[in-house]
Amino acid sequence: MNQHPIFSEHPGLIIVFAVAVVIMLLLDLGIFNKKSHVVSNKEAITWSLVWISLAMIFSGLIYHFAGASKFYEFQSAYWIEKALSVDNLFVFILVFKFFDVQNENKHKVLFWGIIGALVLRAIFIFSGAFLIELTYLNKLLSLVGVEGFKYDINLIMTAFGLFLVYAGIKSWSAGDEDDDEDYNDTRGARLIRKFFSVSDKYDGDKFFTYENGKKLATPLLVVVAVIEFTDLLFAVDSIPAIFAISNDPFILYTSNIFAILGLRALFFLLDNFIHLFSKLQYGLAIILSFIGVKMIVAPFYHIDSVYSLIVIGGV
């Protein structure tokens, strides 16, 4: 899996990516969603198409500057993250229902949740790429003067693969245990209550309010923290999965972020059509297991990214 990272050969793509993300976030929060409001199906579909189109355009630039292989890697990683994120969104729906969040305030919570994800995913992906580069078995053996094997096994990738196969099996038999979750007792909620006194009442879309001259956090801030920690837990599945596609941090991060940026719009569609996804757990189980097997057999047999893309798209 040793490859030349894109950012060392085509630094202009970094600039294009950064500028596109910043402009779209400013437009989204500062112009189109300056005031909290209920997101209609039409608006959600429009924004979904905008974010998917941007991702496809960017993948076209990758194809032009870096070739077909990197293009397939981006596409595969993008759709893996998109597919796995759907399960995440169902949990978000349960969180909003549990805390009785008004429809017009959901967009703001998701926006700040995604801002946090931008930072956390960068930490996970770039540190993961660094650790993977250090944990090839032959490289470790050479440090102690031992001759390496014919197949260069990566210890972290193999561990990730086994974990994903386990996660896939668990997903196949998953029930509705999330329905009975007490989200007030999750780590995110406990963290906010540890540092702030929390009001029992919402104050519009504000994160802080004043009661009897005392500044209090509103339940909306608790919801943001719960969403952040929920995304953190889901990253445990999705981040290892995309490392099966590529070890290029730029490909992994950009595909991941483009997929995440479209989640808010997708959330509002799923919220209205949740009954259509009764077989979701089986699709995710197949994807996780396939990616896990790919990581395990990678030292012995390479499954090209284009075939991964076909499997993910087919599922």
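Every chain is numbered on its own, with residues counted from 1 as its sequence reads. Only residues with pLDDT of 70 or above have their local features reported here, since the model is predicted, and side-chain atom pairs are shown and tallied only from 80 upward, although totals for entire chains, interfaces and linings are computed over all residues. Hydrogens are left out, water is left out, and the side-chain values use all remaining heavy atoms of the structure.

A closer look at the side chain of Asp231
- For Asp231, the location among the structural elements is in helix α9 (residues 219–243).
- On the accessibility criterion, Asp231 (7% relative accessible area) is buried.
- A distance of 2.8 Å separates polar atoms of two side chains, one belonging to Asp231 and the other to Arg121.
- Pairs of residues are marked as contacts when any of their non-hydrogen atoms sit within 4.5 Å. Excluding anything up to four places from it in sequence, Asp231 contacts Asn88, Ala117 and Arg121. Numbering of helices and strands starts at the N terminus; helices are DSSP runs of H or I of at least 4 residues and strands are runs of E of at least 2. Per-residue accessibility, obtained with a 1.4 Å probe over protein chains only, is compared with the maximum for each type, and a residue is labelled buried under 20%, exposed over 50%, and partly exposed between these values. Residues adjacent in sequence count toward polar contacts only when both atoms are side-chain atoms; beyond that, a polar contact is any pair of N or O atoms within 3.5 Å, and within protein one must be able to donate a hydrogen and the other to accept it.

Observations regarding the pairing of strand β2 (residues 214–217)
- Here a strand pair is declared whenever DSSP counts at least two bridges between the two strands. With 4 bridges connecting them, strand β1 (residues 208–211) and β2 associate as antiparallel partners. Bridge pairing in β2 links Thr209 to Leu216.
- Counting the residues in the hairpin turn of β1 and β2 gives 2 residues, including Asn212, whose phi is positive at 55°.

Examining unusual backbone geometry
- Within the chain, Asp100 stands out as a residue other than glycine whose phi angle is a positive 55°.
- Inspection of the secondary structure assignment puts Asp100 in the loop between α4 (68–99) and α5 (103–134).
- Look at Asp100 and you get exposed, because its relative accessible area is 54%.
- Not every positive phi belongs to a glycine, and Asn212 is a case in point at roughly 55°.
- Here Asn212 falls in the exposed class, since its relative accessible area comes to 87%.

Concerning helix α3 (residues 41–66)
- The end-to-end C-alpha distance of α3 is 37 Å, a good match for the 38 Å that 26 residues give at a rise of 1.5 Å each.
- All of the buried residues in α3 are Glu43, Ala44, Trp47, Ser48, Trp51, Ala55, Phe58, Ser59 and Ile62. Any helix carries an expected span of 1.5 Å times its number of residues minus one.

Brief notes about the confidence of the model for the chain
- Residues of the chain with pLDDT of at least 70 account for 90%, and the chain-wide mean is 83.
- Within a predicted model, pLDDT stands for the predictor's per-residue confidence, ranging from 0 to 100. Helix α1 (residues 6–9) is the least confidently modelled element of the chain, averaging 59 in pLDDT, while β2 averages 92, the highest of any element.

Describing the packing of α4 against α5
- Helix axes are fitted to C-alpha atoms over the stretch in contact, other axes to C-alpha atoms as well, and angles between N-to-C directions run from 0 to 180 degrees. Viewed as axis vectors pointing N to C, α4 and α5 meet at an angle of 135°, and their least axial separation amounts to 13 Å. Of the possible angle classes, the one that applies to α4 and α5 is oblique. Considering how the two elements wind past one another, α4 and α5 form a crossing that is right-handed. Contacts from Glu81, Phe92 and Phe96 of α4 reach α5 at Lys106, Val109, Leu110 and Arg121. Should an angle fall under 35 degrees it is taken as roughly parallel, and over 145 as roughly antiparallel, whereas 65 to 115 is taken as roughly perpendicular and any remaining angle as oblique. Take the far helix as the reference: if the near one is turned anticlockwise from it by less than a right angle, the crossing is left-handed, and if turned clockwise, right-handed.

With respect to helix α12 (residues 280–297)
- Compared with the 26 Å implied by 1.5 Å per residue over 18 residues, the 26 Å span of α12 between its first and last C-alpha is a close match.
- By the burial criterion, the buried members of α12 are Leu280, Gly283, Leu284, Ala285, Ile287, Leu288, Phe290, Ile291, Gly292, Lys294 and Met295.
- Residues of α12 that are buried sit in contact with α4, α7 (155–172), α9 and α13 (305–314).

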